[in-house]
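The primary structure of each chain is shown beneath.
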Amino acid sequence: DQVHDLGVSYDYIQKNEAELILEARIDEEMKTWHWFDMKLFKIYRNEKKSIRDLSKETHIGTSTIFHRIKYCKERLRENIGEDYEDYINEDYEKI
């Protein structure tokens, strides 16, 4: 009855858990935003669409989309930035 290595390292599991926590924190932060910003950023983030594509599909000006996305990113930097830095630096236990 030998235990076989499944090829999954502890670091990989920690990274995945940290990713999930970070995603959850982003989602929680987004819930505090105006509905327009939340919906626009969700589409931008999840569907990986360019600002021009979003503009074509929504009939909202590229300038408006650019400034709203920029505002959303700034809010994330303010409120989640430290956790994101910890993730990048592989300090998963700090998240």
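Note that the coordinates shown come from a computational prediction; the quantities given were computed from them, not determined experimentally.

Asker: Help me understand the nonpolar core in this model?
Answerer: When a protein is soluble and globular, its nonpolar side chains tend to lie buried together. If you look at the biggest cluster of nonpolar residues, it comprises 16 residues, and the most contacted ones within it are Trp33, Phe41, Leu76 and Tyr87. Elements represented by at least two residues in this core include exactly helix 1 (10–30), helix 2 (35–47) and helix 4 (62–88). Ranked by residues supplied to this core, first place goes to helix 4 with six residues. With near-sequence residues (within four places) excluded, tyrosine 87 lies in contact with Lys15, Ala18, Glu19, Leu22, Tyr92 and Ile95.

Asker: Help me understand the layout of surface pockets, please; the structure alone is not making it clear to me.
Answerer: In this approach a probe as big as a water molecule rolls over the atoms, and the regions it shows empty are the leftover space. Empty space within the largest pocket amounts to approximately 370 Å³. Taken together, 13 residues form the lining of the largest pocket, with Leu22, Ile26, Leu76, Ile80 and Tyr84 sitting closest to its centre. Secondary-structure elements contributing two or more residues to the lining of the largest pocket are helix 1, helix 2 and helix 4. The element best represented in the lining of the largest pocket is helix 4, accounting for seven residues. Looking at the lining of the largest pocket, its residues break down into seven nonpolar, one polar and five charged.

Asker: Would you take a moment to explain the side chain of aspartate 86 for this structure?
Answerer: With respect to the helices and strands, aspartate 86 occurs in helix 4. Lysine 94 is the oppositely charged side chain nearest to the buried, salt-bridge-free aspartate 86, at an N-O distance of 5.0 Å.

Asker: Got a minute to help me understand unusual backbone geometry in this structure?
Answerer: When glycine is set aside, most residues are seen to have a negative phi, and most peptide bonds are trans. Of note in this structure, histidine 59 is not a glycine but carries a positive phi near 65°. Relative to the elements of secondary structure, histidine 59 occurs in the loop between helix 3 (51–58) and helix 4. Residue glutamate 90 is not a glycine yet carries a positive backbone phi of 60°. Position of glutamate 90 relative to the elements: it lies in the segment after helix 4. Accessibility expressed as a relative area gives 56% for glutamate 90, which makes it exposed.

Asker: Hey, could you run me through the packing of aromatic side chains in this one?
Answerer: Tallied over the full model, the rule gives four aromatic pairs. For the pair tryptophan 35 and phenylalanine 36, a centre-to-centre distance of 6.0 Å together with 90° between the ring planes defines the contact as edge-to-face. You can call tryptophan 35 exposed: its relative accessible area is 57%. A ring pair is formed by tyrosine 87 and tyrosine 92, whose centres lie 5.9 Å apart and whose planes are at 55°; its orientation type is tilted.

Conventions adopted
- Residues numbered from 1 in each chain as written.
- Predicted model: local features only at pLDDT ≥ 70, side-chain atom pairs only at ≥ 80, totals over all residues.
- Heavy atoms only, no water.
- Core = buried A, V, L, I, M, F, W, Y, C linked by side-chain atoms within 4.5 Å.
- Buried < 20%, exposed > 50% of the residue type's maximum accessible area, 1.4 Å probe, protein only.
- Helix = DSSP H or I, 4+ residues; strand = E, 2+ residues; numbered from the N terminus.
- Contact = heavy atoms within 4.5 Å.
- 1 Å grid on protein atoms, 1.4 Å probe; cavity = no way out; pocket = protein on both sides within 12 Å on 5 of 7 lines; lining within 4 Å.
- Points joined across faces, edges and corners; volume = space filled by probe spheres on them.
- Nonpolar A, V, L, I, M, F, W, Y, C, P; charged D, E, K, R; others polar.
- Lys, Arg positive; Asp, Glu negative; His and termini not counted.
- Salt bridge = Lys/Arg side-chain N within 4 Å of Asp/Glu carboxyl O.
- Phe/Tyr/Trp six-rings, centres within 6.5 Å; stacked < 30°, edge-to-face > 60°.

Geometric descriptors of this kind do not, in isolation, establish any biological role.
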